[in-house]
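Residue strings, one per chain:
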Amino acid sequence: MLLPVSQVDSLVNSLSLTWLDKVYLNAIPNEDLDNTTSTVMLLQETDSSPAYLANSTFKGLAMGVEIQIFYKAGLADDFNPLEAEIALMKSLKQAGWLIVSSQHHTTDPDTNQVTKTIYITKNEML
């Protein structure tokens, strides 16, 4: 079984999202921390705990992933981040992930980048 972040990474890459430039797992590399010219997604694991408990053991895993999107500064006027996020969440749901929380958009005061955080979870049998 792949790590939860790897599962989401595979799904996101299969979608060929035209608005997304890069996907990072666990951390953004130092050389890209100040990048405001690309839209990047950071995937971090939030849960990997036993699930489906029975007969003094577990039969599955509860997996959780935090998805952070850092939109490039100066988004095109015809790009609607909310529509892109809804399409992404629908694809995640179709792949068996539950959308736990979709946080509000924030704007970084230093870089003027719009950011979004989404939390998802999935229980998978072993």
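Residues numbered from 1 in each chain as written. Predicted model: local features only at pLDDT ≥ 70, side-chain atom pairs only at ≥ 80, totals over all residues. Heavy atoms only, no water.

Novice: Which residues make up the overall build of the chain, and what values do they have?
Specialist: If you tally the helices and strands in the chain, you get two helices and six strands. From first element to last, N terminus to C terminus, the chain shows the α and β order α-β-β-β-α-β-β-β. For the chain, the spread of C-alpha atoms along the three principal axes comes to 55 × 30 × 25 Å. Per-residue burial over the chain gives 39% buried out of 126 residues. Expressed as a percentage of contacts within the chain between residues at least 6 apart in sequence, the contacts between residues at least 24 apart total 55%. By element, 51% of the accessible surface of the chain is carried by carbon and sulfur atoms, the whole surface being about 7,400 Å². Side-chain charges of the chain comprise 7 positive and 15 negative groups, with the mean position of each set lying 12 Å from the other. (Helix = DSSP H or I, 4+ residues; strand = E, 2+ residues; numbered from the N terminus. Buried < 20%, exposed > 50% of the residue type's maximum accessible area, 1.4 Å probe, protein only. Contact = heavy atoms within 4.5 Å. Areas by Shrake-Rupley, 256 points an atom, 1.4 Å probe, with all protein chains shown as cover. Lys, Arg positive; Asp, Glu negative; His and termini not counted. Charge placed at Lys NZ, Arg CZ, Asp CG, Glu CD.)

Novice: I'd like to hear about the packing of aromatic side chains, residue by residue, with values.
Specialist: Considering all chains together, one arrives at three aromatic pairs under this definition. With 6.2 Å between their ring centres and 40° between their planes, W19 and F79 make a pair best called tilted. Placement of the pair is W19 in the loop between α1 (4-15) and β1 (22-25) and F79 in the loop between β3 (57-70) and α2 (81-94), with a sequence separation of 60 residues. Relative accessible area serves as the criterion here: at 23%, F79 is assigned to the partly exposed category. In this structure an aromatic cluster arises from ring pairing among W19, Y71 and F79. (Phe/Tyr/Trp six-rings, centres within 6.5 Å; stacked < 30°, edge-to-face > 60°.)

Novice: A description of unusual backbone geometry should follow, citing residues and the corresponding values.
Specialist: Even without being a glycine, S16 presents a positive backbone phi close to 50°. For S16, the position within the fold is in the loop between α1 and β1. The phi angle at N112 is positive, at roughly 65°, despite the residue not being glycine. Structurally, N112 is set in the loop between β5 (106-107) and β6 (114-125). By relative accessible area, which is 53% here, N112 ends up exposed.

Novice: Give me the environment of T111: which residues, what numbers.
Specialist: With respect to the helices, strands and loops of the structure, T111 is situated in the loop between β5 and β6. Separated by 38 residues in the primary sequence, T111 and A73 place their C-alpha atoms 7.1 Å from one another. For T111, the residues in contact, after removing those within four places along its chain, are T36 and A73.

Novice: Tell me about the nonpolar core, and please be specific about residues and values.
Specialist: Core analysis: the largest hydrophobic core is formed by 22 residues, its most contacted members being V8, W19, M41, V65, I67, L92 and I120. Looking at this core, the elements that each hand over two or more residues are α1, β2 (40-54), β3, α2 and β6. When residues no more than four places from it in sequence are discounted, the contact partners of V65 are P4, V5, V8, L43, Q44, T46, W97, I118, Y119 and I120. (Core = buried A, V, L, I, M, F, W, Y, C linked by side-chain atoms within 4.5 Å.)

Novice: Describe in detail the pattern of salt bridges, supporting the description with residues and values.
Specialist: Applying the stated criterion to the full structure yields three salt bridges. Taking the shortest distance from any N to any O, the salt bridge between D32 and K22 comes out at 3.0 Å. In this pair, D32 sits in the loop between β1 and β2 while K22 sits in strand β1, placing the two residues 10 residues apart along the sequence. The exposure class of D32 is buried, given its relative accessible area of 15%. A salt bridge links K122 to E124, with the shortest nitrogen-to-oxygen separation between them at 3.7 Å. (Salt bridge = Lys/Arg side-chain N within 4 Å of Asp/Glu carboxyl O.)

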